[in-house]
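So you can see what is in the structure, the chains are spelled out below.
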Number of protein chains: 2
Amino acid sequence: MPKTAADVRAQAKAAMKQAILDAALRQLAETGADGLSVRGVARELGMASSAIYRHIPSRDALLTDLIIEGYESLGQEAEAAERAIPRSELPERFSAVCHAARRWATANPHHYALLYGSPVPGYAAPTDTIEPATRVARLLAVIMVDAANEGAIRVTAPVEVPPGALEPEILTDFLPGVAYPVAVAGIHAWSSLFGMVSFELFGHMVGSVADADAFFDAGVALLSAQVGL
Amino acid sequence: MPKTAADVRAQAKAAMKQAILDAALRQLAETGADGLSVRGVARELGMASSAIYRHIPSRDALLTDLIIEGYESLGQEAEAAERAIPRSELPERFSAVCHAARRWATANPHHYALLYGSPVPGYAAPTDTIEPATRVARLLAVIMVDAANEGAIRVTAPVEVPPGALEPEILTDFLPGVAYPVAVAGIHAWSSLFGMVSFELFGHMVGSVADADAFFDAGVALLSAQVGL
DNA sequence: TGTAAGCTGTGATCAGTGCTCGCAAACAAG
DNA sequence: CTTGTTTGCGAGCACTGATCACAGCTTACA
């Protein structure tokens, strides 16, 4: 079908917005979220700062777009790493996801800090961000569901958990067939994973951990064992 | 001994600095680190903004002072909670420290974010902050050393860790008598603890965890088991 | 006692920020 | 050809961190 003039216009507008996002991403990678300024991306694009506001409503909205892009970039990398492992090798798939997350974080530290550091705009995350934010978690969940279906989960968990800690939808939609204590251990492993990455990236382990690679390997092994893989 | 005039002067100067820190802490609690402004604390103290710089070299230095105060406040609360438990009840002491940390974090969310969120000034933490930052970790370490001395650690750890992951001084000075794999599990538990707290505080668990208290209880139990208590 | 030195607070000022608004050019639709 | 919409521009507002010359005040010393 032929492109209408409106299509051309819409495409140009989308390209402009993408150029803004790319410039903002470059600035984020260099100076961090604090150093990212709307006037700076305007300078980089050679236009007046006020012109930027024709394409984005505010600086916070720009950061939100970068957050979404970050979650999707991280999710893609984790999914690609997991896809490269045969489906039957459950601990290897788990490990691949964890290592991919750490790799993405160390490659894009400022972007990672924007996702998992202090929430800059406020406490409530914009609703647009919650869906892409679940991609890594969903990946880990699929592995656990596969393990449960194969009966491959060794329930070594020596911990009793009172019922009701998790949202019911998580158990039914996200982790169907996974026993409740194992699901709790899974969510815990998910938060522990990003706790490790954040601690390493934010400099909390400088005096205690000598070989970050080896330590992360051991941590992933501990988490893997904790969820029964 | 009588106060010399110089003493009075020094005391007044210290009081002024403390007043600045108090005002800054109030602003931090209200608006977060991003919203904290030197001019704002000057307004609150009824003085010109330039006068603040007689007592503080820069805004970053002010934030550094708040970071140190935060680590010490958190450390004191954790130490008090641990002291209230009989020394022989090792898992209870461990749990008390974890819950005290979470309690302090939820009571002072912006202050917590300043400590464990994205490092705002830069990547290298000022050297003044690394010593107070270890207080909670030291508390957990003492518990593990006590457990090792009593032979109370059940080494259930099913994970092999290659040597050299931790700094040697940590093993000798911080965790003397603790077996290497257990020490690795301890550092891992430390990072997992703050991973849990950060995930909860920064809103990453909104859709998955229904009862944050119960989930945290379960997480602490998992960590406790992981270090062999 | 007189004077020089140091500390502390002030207002002005600079460069930078997010964001708004009136205006003008370009372009699409009628 | 004439509307109406979109897109960019420059000026401007209110705010920020930080510096500077200046003025008091207190202290120390001759």
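1. Quick notes on the interface of chain B and chain A
Inference 1: Each partner contributes residues to the interface: chain B has 51 residues there, and chain A has 51 residues.
Inference 2: Note on chain B versus chain A: buried area summed over both sides is about 4400 Å², and carbon and sulfur give 69% of it.
Inference 3: Inspection of the chain B/chain A interface yields zero salt bridges.
Inference 4: At the junction of chain B with chain A, the criterion picks out ten residue pairs in polar contact (both at pLDDT 80 or more).
Inference 5: Broken down by element, the residue count for the side of chain B that touches chain A peaks at twelve residues, all from helix 10 (residues 180-201) of chain B.

2. Section: the protein's contact with DNA strand D
Inference 1: With respect to spatial proximity, 21 residues lie near DNA strand D, and among them Ala48, Ser50, Arg54 and His55 of chain A together with Arg39 of chain B are the closest.
Inference 2: Of all atoms in DNA strand D that approach within 4 Å of the protein, 48% are sugar or phosphate atoms.
Inference 3: Within the side chain of Arg39 of chain A, a nitrogen or oxygen atom sits 3.5 Å from a base oxygen of DNA strand D.
Inference 4: Between Val38 of chain B and DNA strand D, the recorded distance is 2.8 Å, taken from a backbone N or O atom to a phosphate oxygen.
Inference 5: Secondary structure elements with two or more residues in the surface near DNA strand D: helix 1 (5-35) and helix 3 (49-52) of chain A together with helix 1 (5-35) and helix 2 (38-45) of chain B.
Inference 6: The dominant element in the surface near DNA strand D, judged by the number of residues it contributes, is helix 2 of chain B, at three residues.
Inference 7: Here the surface near DNA strand D is built from residues that sort into seven nonpolar, five polar and nine charged.

3. Focus: the protein's contact with DNA strand C
Inference 1: Around DNA strand C there are 20 residues in total, and Arg39 of chain A together with Ala48, Ser50, Arg54 and His55 of chain B lie nearest to it.
Inference 2: Protein-adjacent atoms of DNA strand C, using a 4 Å cutoff, are sugar or phosphate at a proportion of 42%.
Inference 3: Val38 of chain A places a main-chain nitrogen or oxygen 2.8 Å from a phosphate oxygen of DNA strand C.
Inference 4: The separation between a phosphate oxygen of DNA strand C and a polar side-chain atom of His55 of chain B is 3.3 Å.
Inference 5: Mapped onto the surface near DNA strand C, the elements with two or more residues apiece are helix 2 (38-45) and helix 3 of chain A together with helix 1 and helix 3 (49-52) of chain B.
Inference 6: The element that contributes the greatest number of residues to the surface near DNA strand C is helix 2 of chain A, accounting for three residues.
Inference 7: Along the lines of polarity and charge, the residues of the surface near DNA strand C split into six nonpolar, six polar and eight charged.

4. Let's talk about the packing of helix 5 (residues 90-107) of chain A against helix 10 (residues 180-201) of chain A
All names here are of chain A.
Inference 1: For the pair helix 5 and helix 10, interaxial distance at closest approach is 10 Å and the crossing angle is 30°. As far as their axial angle goes, helix 10 and helix 5 are roughly parallel. Crossing of helix 5 against helix 10: the hand is right-handed. Every residue of helix 10 that contacts helix 5 at Cys98, Arg102, Ala105 and Thr106 is listed here: Leu193, Val197, Glu200 and Leu201.

5. Notes on helix 4 (residues 59-83) of chain A
Inference 1: Over its 25 residues, helix 4 of chain A runs 36 Å from end to end, which matches the ideal 36 Å to within 8%, given 1.5 Å per residue.
Inference 2: The backbone nitrogen of Asp60 of chain A has a side-chain oxygen 3.4 Å away, supplied by the residue at the start of helix 4 of chain A, namely Ser58 of chain A.

6. Things to note about the relation of the copies chain B and chain A
Inference 1: After a rotation of 180° and a shift along the axis of 0.0 Å, chain B superposes on chain A with an RMSD of 0.0 Å. Put plainly, the chains are arranged around a two-fold axis. The position closest to the rotation axis in chain B is occupied by the C-alpha of Gly195 of chain B, lying 1.8 Å away.
Inference 2: Here 100% of the interface residues in chain B have copies in chain A that are interface residues too; the copies meet face to matching face.

7. Description of the domain arrangement of chain A
All names here are of chain A.
Inference 1: Segmentation of chain A into domains returns domain 1 (1-56) and domain 2 (60-226).
Inference 2: On the domain 2 side, the residues contacting the 14 residues of domain 1 number eight residues.
Inference 3: Carbon and sulfur atoms make up 77% of the area that domain 1 and domain 2 hide from each other, which totals about 980 Å².
Inference 4: Where domain 1 packs against domain 2, one counts one salt bridge.
Inference 5: Counting across the interface, domain 1 meets domain 2 through three residue pairs in polar contact (both at pLDDT 80 or more).
Inference 6: Split into classes, the residues belonging to the side of domain 1 that touches domain 2 amount to nine nonpolar, three polar and two charged.

8. Section: helix 10 of chain B
Residue and element names in this part refer to chain B.
Inference 1: Here helix 10 spans 32 Å end to end across 22 residues, near enough to the 32 Å set by a 1.5 Å rise per residue.
Inference 2: Summarising burial for helix 10: 20 of the 22 residues are buried, a large majority.
Inference 3: Looking one or two places after helix 10, you find Gly203, whose phi comes out positive at around 85°.

9. Remarks on the side chain of Gln226 of chain A
Inference 1: Along the chain, the position of Gln226 of chain A falls in helix 11 (residues 212-226).
Inference 2: With sequence-adjacent residues up to four places away left out, Gln226 of chain A is seen in contact with Ala185 and His188 of chain A together with Leu222 and Gln226 of chain B.

10. So, the pattern of salt bridges
Should the charged atoms of two oppositely charged side chains come close, the side chains can pair.
All names here are of chain B.
Inference 1: According to the stated counting rule, one finds 16 salt bridges over all chains in the structure shown.
Inference 2: Between Arg93 and Glu82 there is a salt bridge, with the nearest N and O atoms lying 2.7 Å from each other. Placement of the pair is Arg93 in helix 5 (residues 90-107) and Glu82 in helix 4 (residues 59-83), with a sequence separation of eleven residues.
Inference 3: Here Arg93 falls in the buried class, since its relative accessible area comes to 0%.

11. Regarding the environment of Ala189 of chain A
Residue and element names in this part refer to chain A.
Inference 1: Tracing the chain through its elements places Ala189 in helix 10.
Inference 2: When its relative accessible area of 4% is taken as the criterion, Ala189 is described as buried.
Inference 3: Taking the C-alpha atoms as reference points, Ala189 and Ser224, 35 residues apart in sequence, are found 8.0 Å from one another.
Inference 4: Discounting chain neighbours no more than four positions away, the residues touching Ala189 are Leu223 and Val227.

12. Some words on the environment of Ile68 of chain B
Inference 1: Mapped onto the fold, Ile68 of chain B is located in helix 4.
Inference 2: Separated by 33 residues in sequence, Ile68 of chain B and Ala101 of chain B place their C-alpha atoms 16 Å apart.

Procedures and definitions
- Residues numbered from 1 in each chain as written.
- Chains lettered and ligands numbered in written order.
- Predicted model: local features only at pLDDT ≥ 70, side-chain atom pairs only at ≥ 80, totals over all residues.
- Heavy atoms only, no water.
- Contact = heavy atoms within 4.5 Å.
- Buried area = accessible area lost by both parts, 1.4 Å probe.
- Salt bridge = Lys/Arg side-chain N within 4 Å of Asp/Glu carboxyl O.
- Polar contact = N/O pair within 3.5 Å; in protein donor to acceptor, adjacent residues only side chain to side chain.
- Helix = DSSP H or I, 4+ residues; strand = E, 2+ residues; numbered from the N terminus.
- Near = heavy atom within 4 Å.
- Nonpolar A, V, L, I, M, F, W, Y, C, P; charged D, E, K, R; others polar.
- Axes fitted to C-alpha atoms, helices over the stretch in contact; angles between N-to-C directions.
- Parallel < 35°, antiparallel > 145°, perpendicular 65-115°, else oblique.
- Left-handed = near helix turned anticlockwise from the far one by under 90°.
- Expected span 1.5 Å × (residues − 1).
- Least-squares fit on C-alpha atoms with pLDDT ≥ 70 in both.
- Domains from an automatic or database assignment.
- Buried < 20%, exposed > 50% of the residue type's maximum accessible area, 1.4 Å probe, protein only.

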